[in-house]
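Examination of the molecular architecture
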Amino acid sequence: MSEEKIEKTSKIDLDRTEMPKQPPEIRRHNFNEVALGYTEELAIKEAKRCLQCKKPRCKTGCPVEIDIPDFIACIVKGDFSAGIKKIKEKNCLPAVCGRVCPQETQCESKCILASKKGEIAIGRLERFLADWEAAQGKIDLPKKAKPTGKKVAVVGSGPAGITVAGDLILLGHEVTIFEALHRPGGVLTYGIPEFRLPKAIVAREVEYIKMLGVNVITDFVVGKTRSVDELLEEFDAVFIGTGAGLPWFMNIPGENLNGVYSANEYLTRMNLMQGYRFPASSTPVKKHTRVAVVGGGNVAMDAARTALRMGASEVRIIYRRSHAELPARLEESENAEEEGVIFNMLTLPIRYIGDENGWIKEIECIKMELGEPDASGRRRPIEIPNSNFIIPTDAVVCAIGNSPNPLVPSTTPGLDTTRHGTLVADPETGKTTRDRVWAGGDIVTGAATVILAMGAGRKAARSIHEYLMGK
Amino acid sequence: MNKILELRMIVPNMHLIKIEAPDISKKVKPGQFVIVRPDEEGERIPLSVADWDQESGTITIIFMEVGASTSRLASLKPNDYVATCVGPLGNATEIKYYGTVMCVAGCYGIGSIYPVAKALKGEGNKIITVFEARSSYLIYWLDRFVGLSEKIFTITRDGSSGYKGHVKRLPDIIHGLSQLPDIIIVNGCTYLMAQTSNITKDLNIPTIVNLNPIMIDGTGMCGVCRVTVAGKMKFACVDGPEFNGHEVDWKEFLARRKAYMEEETLFFRRSEPESKLHKEGKCQV
Ligand SMILES: Cc1cc2nc3c(=O)[nH]c(=O)nc-3n(C[C@H](O)[C@H](O)[C@H](O)COP(=O)(O)OP(=O)(O)OC[C@H]3O[C@@H](n4cnc5c(N)ncnc54)[C@H](O)[C@@H]3O)c2cc1C
Ligand SMILES: Cc1cc2nc3c(=O)[nH]c(=O)nc-3n(C[C@H](O)[C@H](O)[C@H](O)COP(=O)(O)OP(=O)(O)OC[C@H]3O[C@@H](n4cnc5c(N)ncnc54)[C@H](O)[C@@H]3O)c2cc1C
Ligand code: SF4
Ligand code: SF4
Ligand code: FES
């Protein structure tokens, strides 16, 4: 369908169906999910707006190419069961992706109605079907292929690892996941907060692959408890999906003061270790009144909104570029703003100042302006001389990025890395420079997205299967 | 989930726990640690491995009861399970021929330095052992060190054994030796490690400490264990836990260790009439 036709058809409804949310003044005090999801009526209303394009562009925006118009058509008919089946052919984590995919730059941005600002709310519909299925309480287990007798080890239980495991188990292979932490799920468990992605949903997805027969071993650090080489003695193939979990710091004075956290530490304390329930849980957390979060991505928004919910009365984002360059999803920065997070844009911390007990008390910042676009295509921030100023604070959360943890690469001979510390792997197959070793997700791309990690997992699973069967 | 095979108090406030952990027992080397979570609600705490046996697939840890988690751990019984026991983590001690090695140990460090001393002895080093404790009855595993050590010295605060005083008496011991040790390795509370490093810096004796910062994951993911060593930021769990004691920023280290003091004591205020915290002042593990 072309744009011309849209103009002529007067019946096109460009009004996106809003998804109910907890009001900002309430949700900033609790850890319950912010977005409440569509009801059946709302879902059908939204689904009916879809034009069922013959050459659906939306599909080209989805990294795993979900048959978007097909599942939407199922919703229109009220056949939710068929709809979720359709999605699951391509995506094994719809409840997660429907919530955290950057839809506005992926599927929805490609929807033909996007030019009229009326793109179909594909993510919300996907989420609706996944939640509907979960509410039914019964899960249809797909049929598994005959056992092949081949064994695959998956290192890391984030979205990449879960996808590889889920795909290979259905193809009849024996699959074991090794996870360093005590709870599986990767960033979905330790990073993304409860109010954006309830942990019960992640646990459900992990339960699902366990029901399919995947063996999940937690508290097992590959490279320490056993090396990749040792795994290769027992397993026919190894997939590495260890993510990008090494936090960056800025290398400025005062970064080791008490009260300065990496976002990983801050979010791990709250999510994985359930710090938000302290003292009922035993991992201690501090009560901070003023919290400053440095960075502008999803991680920064998550940290800021968590700090609000922990009772801080003043939470700010400090970001060196302007609003337009914020890498966070629009929805998340808007949510943060609604909840009362202050945005200090075009600002760069240059020094942390402590009190006599070694606790942070102030941040010295400098004002920035935007210059010419840099390699990333975004305008480069430049310091404005003599614009230094002080922000008083009790805590700083540093959310400026992560790179891959070197633990596995450094303990596995023959596994080549790039100068960014990511693993070298074929983008089409996930094959690394080591025989019988595949990799995918953030460990290959650097910090990216859930759906890209899943896509990489899917490709690797296909390649691993071909290898195992061709043997 | 790992089964507890043995758990008993060996001297007041100091417990020995033997845990079933076949994978770890095969891999662990002197100087490494594990992360233990006593129960499903528990926090993750790092503990050094003091002994292990590949054949029975077990590891042994000596831990001091200082706060909520070590207290919960101590309250478990043989045949119970700990929710998490993961490792071995951190880098191992560099085991090679140095000549004369002085092992200085206090608190749980007596346990954690034992495999280090044993392995160094195996490489032909002469071992001189120094125990530091509040009183002689707090020294344990003496028998294990007897066969290993050329000489054993003790420093006790009440003078009940050996030198009276605390780690500041170390120079008296060192100067009493026929020659300076080639290297000193210190395990135990932060105060002991910091003071020893101060003393040996002036004497120009290389000194290795086994740092014990607050940790969460123990794999380099959270950054809470960061320390400044030779002016550079290091993560103790992956870059250490052993560092050159002369290069550690001890003031910063001590401040970071105390970060959660207030919250940690909440546990005792809630559950116990009086604090069991090691009252010795400076020896907060
Ligand atoms: C706070 C935060 C918010 C985010 N928000 C979004 C969002 O809204 N939308 C979105 O699409 N993406 C988001 N992301 C990014 C997304 O979560 C990641 O791109 C994705 O999780 C990567 O998946 P992965 O499987 O490669 O690795 P991870 O999810 O990082 O999982 C890796 C797993 O491997 C384990 N592991 C590491 N080393 C070892 C080892 N040696 N042995 C055993 N196990 C090991 C780790 O413990 C971890 O569980 C966010 C990330 C963060 C941190
Ligand atoms: C590499 C390493 C090896 C260690 N080996 C041993 C050992 O073999 N035996 C032993 O008894 N202790 C050891 N420790 C110290 C031990 O981890 C702490 O005593 C323990 O975490 C305290 O927990 P808690 O909840 O009982 O006490 P808390 O109530 O948490 O605190 C009491 C004291 O312990 C400190 N502390 C709190 N949390 C931690 C933490 N996660 N890590 C370190 N210190 C903390 C606090 O600063 C406080 O001074 C080691 C620490 C490290 C980093
Ligand atoms: S998986 Fe993500 S990109 Fe694909 S359709 Fe769903 S929300 Fe859109
Ligand atoms: S979602 Fe948009 S692009 Fe896709 S079929 Fe419907 S109207 Fe067309
Ligand atoms: S304990 Fe988390 S990085 Fe060292």
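Residues numbered from 1 in each chain as written. Chains lettered and ligands numbered in written order. Predicted model: local features only at pLDDT ≥ 70, side-chain atom pairs only at ≥ 80, totals over all residues. Heavy atoms only, no water.

A word on the overall build of chain A
Counting its regular elements, chain A contains 18 helices and 16 strands. Computed over its C-alpha atoms, the radius of gyration of chain A comes to 23 Å, within 12% of the 23 Å expected for a compact globule of 471 residues. Principal axes of the C-alpha set define a box for chain A whose edges measure 65 × 65 × 50 Å. Taking all 471 residues of chain A together, the buried fraction comes to 58%. If you take every contact in chain A between residues at least 6 apart in sequence, the share linking residues at least 24 apart comes to 70%. For chain A, the exposed area adds up to about 19500 Å²; of that, 52% sits on carbon and sulfur atoms. Computed over 63 positive and 61 negative side-chain charges, the separation of the two mean positions in chain A equals 3 Å. (Helix = DSSP H or I, 4+ residues; strand = E, 2+ residues; numbered from the N terminus. Rg over C-alpha atoms; globule rule 2.2 N^0.38 Å. Buried < 20%, exposed > 50% of the residue type's maximum accessible area, 1.4 Å probe, protein only. Contact = heavy atoms within 4.5 Å. Areas by Shrake-Rupley, 256 points an atom, 1.4 Å probe, with all protein chains shown as cover. Lys, Arg positive; Asp, Glu negative; His and termini not counted. Charge placed at Lys NZ, Arg CZ, Asp CG, Glu CD.)

Details of the site of ligand 1
Residues and elements named next belong to chain A. Taken together, 35 residues lie around ligand 1, and Val100, Glu179, Arg196, Val222 and Asp442 are the ones closest in. Contact distances for ligand 1 include 3.2 Å between an oxygen atom and a backbone N or O atom of Pro159. Within the side chain of Glu179, a nitrogen or oxygen atom sits 2.6 Å from an oxygen atom of ligand 1. Contact with the protein chains removes 94% of the 1000 Å² of surface that ligand 1 exposes when unbound. Listed by contribution, the elements that provide at least two residues to the shell around ligand 1 are α9 (159–170), α14 (298–309), α16 (407–411) and α18 (450–470). For the shell around ligand 1, the element with the highest residue contribution is α14, accounting for three residues. Classifying every residue of the shell around ligand 1 gives 20 nonpolar, 11 polar and four charged. When residues are assigned to domains, the shell around ligand 1 turns out to be shared by domain 2 (151–245 + 403–470) and domain 3 (249–400), each giving three or more. (Near = heavy atom within 4 Å. Polar contact = N/O pair within 3.5 Å; in protein donor to acceptor, adjacent residues only side chain to side chain. Nonpolar A, V, L, I, M, F, W, Y, C, P; charged D, E, K, R; others polar. Domains from an automatic or database assignment.)

Here's the deal with the confidence of the model for chain B
Residue and element names in this part refer to chain B. On average, chain B scores 90 in pLDDT, and the residues at 70 or more come to 92%. Under a pLDDT of 50 for its full length, residues 269–285 has, in the predicted model, 30 contacts with residues more than four places off or in other chains. Complex prediction metrics read pTM 0.91 and ipTM 0.90. (pLDDT = per-residue confidence, 0-100.)

Concerning the domain arrangement of chain A
All names here are of chain A. Along its sequence, chain A is carved into domain 1 (3–136), domain 2 (151–245 + 403–470) and domain 3 (249–400). Between domain 1 and domain 2, the C-alpha centre-to-centre distance is 28 Å. Here domain 1 and domain 2 share an interface that buries about 1800 Å² over both sides, 75% of which is from carbon and sulfur atoms. Of all residues in domain 1, Cys92, Leu93 and Val100 give up the largest surface area on contact with domain 2, accounting jointly for 29% of the area buried on that side. Summed over the shared surface of domain 1 and domain 2, the number is zero salt bridges. (Buried area = accessible area lost by both parts, 1.4 Å probe. Salt bridge = Lys/Arg side-chain N within 4 Å of Asp/Glu carboxyl O.)

Quick notes on a nonpolar patch on the surface
Residues A:Ile139, A:Leu141 and A:Met211 make up a contiguous nonpolar surface patch of about 260 Å² in total accessible area. Within the secondary structure, A:Ile139 sits in the loop between α8 (122–136) and β1 (151–155). (Patch = residues over 30% accessible without salt bridge, like charges linked within 9 Å, V, L, I, M, F, W, Y side chains within 5 Å.)

What about the site of ligand 3?
Taken together, 13 residues are adjacent to ligand 3, and A:Cys62, A:Cys101, A:Gln106, A:Cys107 and A:Glu126 come closest. By residue class, the composition of the shell around ligand 3 is nine nonpolar, three polar and one charged.

Considerations on the pairing of strand β10 (residues 126–133) of chain B
Residues and elements named next belong to chain B. Where burial is concerned, most of β10 is hidden: seven out of the eight residues are buried. Taken together, the seven bridges between strand β9 (residues 100–106) and β10 define a ladder with parallel strand orientation. Within β10, the position partnered with Cys103 by the bridge is Thr129. Between β9 and its parallel partner β10, the chain crosses via helix α3 (residues 109–122), and the hand of that crossover is right-handed. Relative to strand β11 (residues 149–156), β10 is paired through seven bridges, and the arrangement is parallel. Bridging across to β11, Ala133 finds its partner in Thr156. (Pairing = 2+ DSSP bridges. Right-handed = clockwise from strand over helix to strand, strands pointing away.)

Focus on the sheet that holds strand β17 (residues 242–244) of chain B
Residue and element names in this part refer to chain B. On the basis of which strands lie adjacent, the open sheet formed by seven strands has the order β12-β11-β10-β9-β13-β14-β17 and mixed pairing. Only two strands of the sheet have a single partner each, and these edge strands are β12 (163–164) and β17. In terms of strand pairing, strand β13 (residues 183–187) meets strand β14 (residues 207–210) through three bridges, oriented parallel. The residue of β14 that forms the bridge with Ile185 is Ile208. Lying over the sheet, α3 contacts β9, β10 and β13, oriented at roughly 165° with respect to β9. (Axes fitted to C-alpha atoms, helices over the stretch in contact; angles between N-to-C directions.)

Considering the interface of chain B and chain A
Contact residues are listed per partner, giving 43 residues for chain B and 42 residues for chain A. Roughly 3500 Å² of surface becomes buried between chain B and chain A when both sides are summed, with 50% attributable to carbon and sulfur atoms. It is B:Met221, B:Arg226 and B:Tyr260 in chain B that bury the most area against chain A; as a group they hold 19% of the surface buried on that side. Applying the counting rule to chain B against chain A returns two salt bridges. A salt bridge links B:Lys27 to A:Glu230; the nearest nitrogen and oxygen atoms lie 2.6 Å apart. Elements supplying a minimum of two residues to the side of chain B that touches chain A: α1 (22–27), β8 (84–89), β15 (226–229), β16 (232–235), α8 (250–257) and α9 (261–271) of chain B. Here the side of chain B that touches chain A takes six residues from β8(B), the largest share from any one element. Across the side of chain B that touches chain A, the residue classes tally to 17 nonpolar, 10 polar and 16 charged.

Quick notes on the packing of α9(A) against α18(A)
Helices that pack against each other are described as a pair by the angle of their axes relative to one another and the distance between those axes. Residues and elements named next belong to chain A. α18 packs onto α9 with a crossing angle of 35° between their chain directions and a minimal axis gap of 7 Å. Note that α9 runs across α18; the crossing there is right-handed. Listed contacts from α18 to Pro159, Ala160, Thr163, Val164, Asp167 and Leu168 of α9 are Val450, Ala453, Met454, Gly457, Arg458, Ala461, Ile464 and His465. (Left-handed = near helix turned anticlockwise from the far one by under 90°.)

Describing the side chain of A:Asn344
All names here are of chain A. Inspection of the secondary structure puts Asn344 in strand β9 (residues 342–344). For Asn344, a relative accessible area of 17% gives the class buried. Here Arg316 takes part through its side chain, which lies 2.6 Å from a polar atom of the side chain of Asn344. Other than its neighbours up to four places away in sequence, Asn344 contacts Arg316, Ile317, Ile318, Tyr319 and Ile391.

Let's talk about helix α4 (residues 68–77) of chain A
All names here are of chain A. For α4, the full list of buried residues reads Ile68, Pro69, Phe71, Ile72, Cys74 and Ile75. Elements in contact with the buried residues of α4: α3 (40–48), α5 (80–88), α7 (107–110) and α8. The positive-phi residue at the C-terminal boundary of α4 is Gly78, with phi of around 80°.

Quick notes on the environment of A:Gln106
All names here are of chain A. Secondary-structure assignment places Gln106 in the loop between α6 (94–100) and α7. Residue class for Gln106 comes out buried when judged on its relative accessible area of 12%. Residues Gln106 and Gly123 lie 17 residues apart in sequence; the distance between their C-alpha atoms is 10.0 Å. Discounting chain neighbours no more than four positions away, the residues touching Gln106 are Gly61, Pro63, Cys101, Thr449 and Ile451.

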